[in-house]
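Listed below are the residues making up each chain.
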Amino acid sequence: MPNIKSAVKRARQAIGNRIRNRSEKAHVASMRRKLFDALETKDVEKARPAADVYASVLDKAVKKGIIPNNTADRRKSRAALALAKLTPAKA
């Protein structure tokens, strides 16, 4: 345990931040799972809104500093590609 007052406060803050970050990462993971479950069942009606929610959750996680911007962009891109494979091409 730290002896300096400011270090004690930082240790206390780190605990709260860790809980908040884990919660947010779990939320991102559950939204990803929901999207890819819909993609697995080839249900476009469920997958399209799930992809929008997943992208929104990723953007919020970036805004909060939970995940890096490039990581969110990569994940959104992969989700969009998976959704595009599921939907028929327009002629």
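Quick summary incoming for the structure in this document. Values in this document were obtained by computation on a predicted structure and should not be read as measured data.

Turning our attention to the nonpolar core. Ranked by internal contacts, the top residues of the largest apolar core, which has 19 residues, are Val28, Leu35, Leu39, Ala47, Tyr54, Leu58 and Ile67. For this core, the secondary-structure elements that each account for two or more residues are helix H1 (5-40), helix H2 (44-63) and helix H3 (69-86). Ranked by residue count, the leading element in this core is H2, at eight residues. Look past the residues within four positions of Tyr54 in its chain and what remains in contact with it is Val28, Met31, Arg32, Leu35, Arg75 and Ala79.

In this section: the packing of H1 against H3. As a packed pair, H1 and H3 sit with axes 10 Å apart at the nearest point and diverge in direction by 15°. Classed by the angle they form, the pair H1 and H3 counts as roughly parallel. Remark: the crossing between H1 and H3 carries left-handed chirality. Contact residues: H1 offers Val28, Leu35, Phe36 and Leu39, while H3 offers Arg75, Ala79, Ala82, Leu83 and Leu86. Tallied by class, residues from the contact of H1 with H3 come to eight nonpolar, no polar and one charged.

This part takes up H1. Between its terminal C-alpha atoms H1 stretches 52 Å, which fits the 52 Å expected from 36 residues at 1.5 Å a residue. Turning to H1, its buried residues are Glu24, Val28, Met31, Leu35, Ala38 and Leu39. Looking at the buried positions of H1, the neighbouring elements they touch are H2 and H3. Downstream of H1 by a residue or two, Lys42 has a phi angle that is positive, lying close to 60°.

Definitions and cut-offs
Residues numbered from 1 in each chain as written. Predicted model: local features only at pLDDT ≥ 70, side-chain atom pairs only at ≥ 80, totals over all residues. Heavy atoms only, no water. Core = buried A, V, L, I, M, F, W, Y, C linked by side-chain atoms within 4.5 Å. Buried < 20%, exposed > 50% of the residue type's maximum accessible area, 1.4 Å probe, protein only. Helix = DSSP H or I, 4+ residues; strand = E, 2+ residues; numbered from the N terminus. Contact = heavy atoms within 4.5 Å. Axes fitted to C-alpha atoms, helices over the stretch in contact; angles between N-to-C directions. Parallel < 35°, antiparallel > 145°, perpendicular 65-115°, else oblique. Left-handed = near helix turned anticlockwise from the far one by under 90°. Nonpolar A, V, L, I, M, F, W, Y, C, P; charged D, E, K, R; others polar. Expected span 1.5 Å × (residues − 1).

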